[in-house]
Amino acid sequence: MPSNWAGYDQAGREQFFGVIPIPTNIKNIKNGNNTVELTFPDTGGICKLCDIKY
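Residues numbered from 1 in each chain as written. Predicted model: local features only at pLDDT ≥ 70, side-chain atom pairs only at ≥ 80, totals over all residues. Heavy atoms only, no water.

S.K.: Lay out the overall build of the chain in plain terms, naming residues and giving numbers.
M.R.: A tally of regular secondary structure across the chain gives zero helices and zero strands. Counting the 54 residues in the chain, one finds 2% classified as buried. Surface exposure of the chain reaches about 5700 Å², of which carbon and sulfur atoms provide 52%. (Helix = DSSP H or I, 4+ residues; strand = E, 2+ residues; numbered from the N terminus. Buried < 20%, exposed > 50% of the residue type's maximum accessible area, 1.4 Å probe, protein only. Areas by Shrake-Rupley, 256 points an atom, 1.4 Å probe, with all protein chains shown as cover.)

Next up, the structure:
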């Protein structure tokens, strides 16, 4: 987990809520539908939103 995420201080939260950029090369983005897979190191991890910007 990076220490410079976008969002507020997470100290009072039970779960992380913020933005963590995941860099990718534009060559990985295809015309049409793309699939993003996330792996969490513990159980119960969820992702509410994935926004791809290039």
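S.K.: Summarise a nonpolar patch on the surface; cite the residues concerned and give the values.
M.R.: Taken together, the side chains of Phe16, Ile20, Ile22, Val36, Leu38, Phe40 and Ile52 make up a nonpolar region of the molecular surface, amounting to roughly 570 Å² of accessible area. Accessibility expressed as a relative area gives 31% for Phe16, which makes it partly exposed. (Patch = residues over 30% accessible without salt bridge, like charges linked within 9 Å, V, L, I, M, F, W, Y side chains within 5 Å. Salt bridge = Lys/Arg side-chain N within 4 Å of Asp/Glu carboxyl O.)

None of the figures reported here should be taken as evidence of function without further support.
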